[in-house]
Amino acid sequence: MLIEKNLLKGRIEKQVEILFNKSIDEANSFEIYQGLSKALIETISKNWLETRKKYESGKQAFYFSAEFLMGRALGNNLINLGVEKEVKEILKELGLDINIVEDAEEDAGLGNGGLGRLAACFMDSLVTLDLPGQGYGIKYKNGIFKQKIVNGFQIETPETWLKYGDVWTICRPFDEVIVEFGDSKVRAVPYDMPIIGYGTENVNTLRLWEAKSINELDLKAFNDQNYDKALKEVNEAEDISRILYPNDSTNEGKKLRLKQQYFFTSASLQDIVRKFKRLHGTDFGKLPEFVSIQLNDTHPVIAIPELMRILCDVEGLLWKDAWKIVEKTFAYTNHTILSEALEKWWIGLYEEVVPRIFQITERIHFQFLDLLEEKYPNDRAKRERMSIIQGDLIHMAWLAIYGSFATNGVAALHTDILKHIELKEWYELFPERFLNKTNGITQRRWLLQCNPELSNLITELIGDRWVTDFSQMKNLEKYSADKSIIENFLNIKLEKKKQLAKYIEETQGIKINPDSIFDIQIKRLHEYKRQLLNIFHILDLYYRLKENPNLEIHPVTYIFGAKSAPGYMRAKGTIRLINEVANLINNDKDIKDMIKVVFIENYNVSAAQLLFPAADISEQISTAGKEASGTGNMKFMINGALTFGTLDGANVEIVEEAGIENNYIFGLKVEDIEKFKKEGYNPNIPYRNTVGLKRVVDALIDGTLNDEGTGLYKELYDSLLKGASWHKPDQYFVLQDFEAFRETQERINKEFSNRENWGKKAWINISNGGKFSSDRTIDEYAKEIWKIAPQRI
Ligand SMILES: *Cc1c(COP(=O)(O)O)cnc(C)c1O
């Protein structure tokens, strides 16, 4: 046992006393949350120190990511520490409910969606596998905005997770470093979050940097009563870590964003190099023997020229020696092929913000041109396609591939598309650099913590080894023919649906039927994810029910949760549309609750933990080839939802593992889409020929639906049938896939009524989820990319 119950109780009381000058009986739930969290940190601090020292002896991996979507820490840490039961008892003795205390914690929303949540799952897996791996990122003052739905529209309000400070991040003032921009310098102040593993005493670290100004306020300006000027420098410095850019899969190309990227990568590299020198001296040739750095997408790729700067300008190495080191230190993860996501920086901006880094980037660019000339003499066209600097843009993905020893995609299909389509020429040039690492999720948060009921059943059947070895799940499969166990599972599912229904009624005032099919699509709102296809189908079903009141269906509750980037008008139009259709259907007495539509406000990690366990159907309906992996699909699967999806991203591997017959696959495949692109696609054909489709599409513009004069619906309509200057009509094949979508939904609806058969399919999915643990993913990164081994304290 980590700590004796009464000792922990005493520590909680003491911390509440220190922090709030209160006795426990006076403290509110937030104060108890803070006191308890501090008491836990006190309990693990010795292990944290020992882990750091242990890791310093060997090679370490560093995960550079602009986003870490951590969610709440307390509940997860209680489980990982194995003190949940004791803490529950302690709180009970004090007359407190653990759930209320946990709810006092704000989500650490330092990310947008899948990419940021992946980084968070990786942190959990690294430590649980005792691997010497550390995260580096930014301590945004405001993480992802809070979403409010007002009259069906998304309204963004600032998120304030740091309003009263965050107990789980601890300032390390003496590890501060200075980051230099072209026109200014700022202090980078590190805050460390302990990452607590399951079944291990190791405690890893996530280091998040906060930007601070070098000088305090300008006293002269202050005395002259020029207050804005007095605080100008302070504000400009602090702006750097003030906000997370709320765009998922789009690149804005803004100056502050570039500053953020350079800020955290420079600070992290300075930290790494300083530590390397302390431990190993200045023999930098050995750096790759002790350090591997993973670049999570292109956001931290500016680290490549920055390490060149540190090695050459600061440490005095020769360029060619430094380059050899850099090339062996970095590895790059590609997360998307969407062109709007590929980061390109305008050279003028880049040069202004980081002039020295610009010079170094240019030199890397010319060095690469030499390599191309050597391999492909006189091939001008190729040189133009592959140049790092093209015209006046710096292509960060190209810089990433050239400056690192490994480039990986995040699911088998995605890596294939990279190798053979999107990055074909790069694969030909560097075949040995390309590899696949299919994403995963941590079963500790996404099953053990969010679904204790199902977890208990699993543990009763196969023991608890699955918590740290998810391949054990396969041992469940033999129970798929056991009627009483399937019955148990279905009862648990019903219980989770009731819990979600209760939450929805309490927070949004909508009553839903737990016996209906819970069909859930939760993810960022993006055209390629095709929430529009889903809502079109719902509207079509509504019209069919109105026309034919005798239409027999099993009742369905369609649940959405999604944030839109604030400036992404089509996504915002889709949110408004979903909410309007929800209102129309939910208030129509004719429908008699046969279908309901719910839009969950402010979808985040904590909401996700309630939603995944309650799903019957997992909507994974992206245009084939566009969703690199998806991780939501995996969370649904291991909680016993059936995938309704296209053959895209990790859906391909999900059905490979669990059987296509136990899921619902529909629609165009990558090859079909390639063919359409070659031979031409006319969305008017499905629009005119698919029964009922014209009716729902036209509802956008014929007065049936009302966007309050915003023009949002017309814009959606045009995106499908007219296109725009930057794309062809219906570029995501919503209309072409509608028919197959509807047919497959009909099949689902029929088959759901066979309870036992449905339960069996869900069970087979759960049993075959083993591959999708981030423990498996991280084990692969550790062995095949980073070459690090477990170091248990
Ligand atoms: C898992 C997760 C995601 C990623 O979902 P996808 O369906 O893979 O896009 C996004 N946001 C949150 C809060 C998540 O937990």
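Not measured: the values here are computed from a predicted model.

Colleague: How should the UniProt feature "modified residue: N6-(pyridoxal phosphate)lysine" (unreviewed entry) in the chain be read in this particular structure?
Modeller: The UniProt entry lists K635 under the feature "modified residue: N6-(pyridoxal phosphate)lysine" (unreviewed entry), expressed in the numbering used here. Tracing the backbone through its elements, the reader meets K635 in helix α26 (residues 632-638). Accessibility expressed as a relative area gives 6% for K635, which makes it buried. The contact partners of K635, leaving out residues within four places of it in the chain, are R117, I441, W446 and F612.

Colleague: Before we go on, may I ask you to explain the sheet that holds strand β18 (residues 517-522) in this structure?
Modeller: Pairing between the strands of a sheet is mediated by backbone hydrogen bonds and can be parallel or antiparallel. Taken in spatial order, the 6 strands of this open sheet run β20-β19-β18-β21-β22-β23, and their pairing is parallel. Here the strands that pair on one side only, and so sit at the sheet edges, are β20 (595-600) and β23 (664-665).

Colleague: Could you clarify how one ought to interpret the sheet that holds strand β15 (residues 393-395) in this entry?
Modeller: If you walk across this open sheet you meet the 3 strands as β13-β15-β14, and the pairing is antiparallel. What marks the edges here is a single partner per strand, and that holds for β13 (344-346) and β14 (389-390).

Colleague: In this structure, what is going on with the packing of aromatic side chains? I would like to understand it.
Modeller: Note on aromatic pairs: each is described by the distance of the centres and the angle between the planes. Considering all chains together, one arrives at 33 aromatic pairs under this definition. Between the aromatic rings of F644 and F666, the centroid separation amounts to 4.8 Å while the plane-to-plane angle is 20°, which identifies the pairing as stacked. Within this pair, whereas F644 is found in strand β22 (residues 642-645), its partner F666 is found in the loop between β23 and α28 (670-679), the two being separated by 22 residues in sequence. For the pair F644 and F666, a shared accessibility class is recorded, and that class is buried. With centroids separated by 5.8 Å and ring planes inclined at 40°, the aromatic side chains of F676 and F733 adopt a geometry described as tilted. Of this pair, F676 sits in helix α28 while F733 sits in the loop between α31 (712-721) and α32 (734-752), placing them 57 residues apart in sequence. Owing to a relative accessible area of 23%, F676 belongs among the partly exposed residues under this scheme. Residue classification places F733 among the buried positions, given a relative accessible area of 4%.

Colleague: Just checking my understanding: could you explain helix α10 (residues 255-280) for this structure?
Modeller: In an α-helix there are 3.6 residues to a turn, and that puts residues three or four apart on one side. With 26 residues, α10 should reach 38 Å at 1.5 Å per residue; the first-to-last C-alpha distance of 37 Å fits that figure. Backbone geometry just after α10 places G281 at a positive phi near 75°.

Colleague: What's the story with the environment of G111 in this structure? I'm lost.
Modeller: Following the sequence through the fold, G111 ends up in the loop between β3 (108-110) and α6 (114-128). Linking G111 and V203, residues 92 residues apart in sequence, is a C-alpha distance of 22 Å. When neighbours within four sequence positions are excluded, G111 is seen to be in contact with E67, F68, L69, I144 and L244.

Colleague: Just checking my understanding: could you explain the side chain of S455 for this structure?
Modeller: Structurally, the position occupied by S455 is in helix α21 (residues 452-462). Look at S455 and you get buried, because its relative accessible area is 2%. Only 3.2 Å separates the side chain of S455 from the backbone oxygen of L447, close enough to count as a polar contact. Among residues more than four places away in sequence, those in contact with S455 are L447, L448 and W466.

Colleague: Would you mind showing me how to read empty space enclosed by the protein here?
Modeller: To find the voids left in a structure, one rolls a probe of water-molecule size over its atoms. Within this structure, the stated rule accounts for 10 cavities of 30 Å³ or more. There is about 810 Å³ of room inside the largest cavity. No other element matches the 4 residues that α6 contributes to the lining of the largest cavity. Within the lining of the largest cavity, the residues separate by chemical class into 16 nonpolar, 18 polar and 14 charged. Looking at the second largest cavity, its volume works out to about 190 Å³. Together, 18 residues line the second largest cavity, and M70, N76, N77, I195 and R445 are the ones closest to its centre. Sorting the residues of the lining of the second largest cavity by element identifies β2 (68-71), α3 (74-81), α6 and β9 (185-196) as the ones contributing at least two each.

Colleague: Teacher, can you tell me more about the layout of surface pockets here?
Modeller: The space that makes up the second largest pocket amounts to roughly 830 Å³. Taken together, 32 residues form the lining of the second largest pocket, with S339, E340, H727, Q731 and Y732 sitting closest to its centre. At the level of elements, α18 (412-422), α24 (569-586) and α28 are the ones that each hand at least two residues to the lining of the second largest pocket. Of all the elements, α28 adds the most residues to the lining of the second largest pocket, at 5 residues.

Colleague: I keep staring at the pattern of salt bridges and nothing clicks. Help me out?
Modeller: Side-chain pairs of opposite charge can arise whenever the charged atoms involved come near each other. A complete count under the given rule lists 72 salt bridges for this structure. A salt bridge links R207 to D271, with the nearest nitrogen and oxygen atoms 3.0 Å apart. Of this pair, R207 sits in strand β10 (residues 203-213) while D271 sits in helix α10; the two residues are 64 residues apart in sequence, bridging distant segments of the chain. Residue E425 pairs with R385 through a salt bridge whose shortest N-O separation is 2.6 Å. Here R385 lies in helix α16 (residues 380-386) and E425 lies in helix α19 (residues 424-429), a separation of 40 residues in the sequence.

Colleague: How should I be thinking about the packing of helix α2 (residues 29-56) against α3 in this particular structure?
Modeller: Working note: a packed helix pair is described by the angle between its axes plus the distance between those axes. As a packed pair, α2 and α3 sit with axes 11 Å apart at the nearest point and diverge in direction by 40°. Helix-helix and strand crossings are classified by hand; for α2 and α3 the assignment is left-handed. Where α2 approaches α3, its residues Y33, L36, S37, L40 and I44 are matched on the opposing element by L74, L78 and L81. Taken together, the residues of the contact of α2 with α3 sort by class into 7 nonpolar, 1 polar and no charged.

Colleague: Sorry, what's going on with the pairing of strand β4 (residues 133-138) here?
Modeller: For a regular strand, side chains alternate in direction, first toward one face of the sheet and then toward the other. Most of β4 is tucked away: 6 of the 6 residues are buried. Here β4 runs beside β10; their pairing, made up of 4 bridges, is parallel. The residue of β10 that forms the bridge with Y136 is R207.

Reading the values: rules and limits
Residues numbered from 1 in each chain as written. Predicted model: local features only at pLDDT ≥ 70, side-chain atom pairs only at ≥ 80, totals over all residues. Heavy atoms only, no water. UniProt positions renumbered as here; feature names shortened; annotations may be inferred. Helix = DSSP H or I, 4+ residues; strand = E, 2+ residues; numbered from the N terminus. Buried < 20%, exposed > 50% of the residue type's maximum accessible area, 1.4 Å probe, protein only. Contact = heavy atoms within 4.5 Å. Pairing = 2+ DSSP bridges. Phe/Tyr/Trp six-rings, centres within 6.5 Å; stacked < 30°, edge-to-face > 60°. Expected span 1.5 Å × (residues − 1). Polar contact = N/O pair within 3.5 Å; in protein donor to acceptor, adjacent residues only side chain to side chain. 1 Å grid on protein atoms, 1.4 Å probe; cavity = no way out; pocket = protein on both sides within 12 Å on 5 of 7 lines; lining within 4 Å. Points joined across faces, edges and corners; volume = space filled by probe spheres on them. Nonpolar A, V, L, I, M, F, W, Y, C, P; charged D, E, K, R; others polar. Salt bridge = Lys/Arg side-chain N within 4 Å of Asp/Glu carboxyl O. Axes fitted to C-alpha atoms, helices over the stretch in contact; angles between N-to-C directions. Left-handed = near helix turned anticlockwise from the far one by under 90°.

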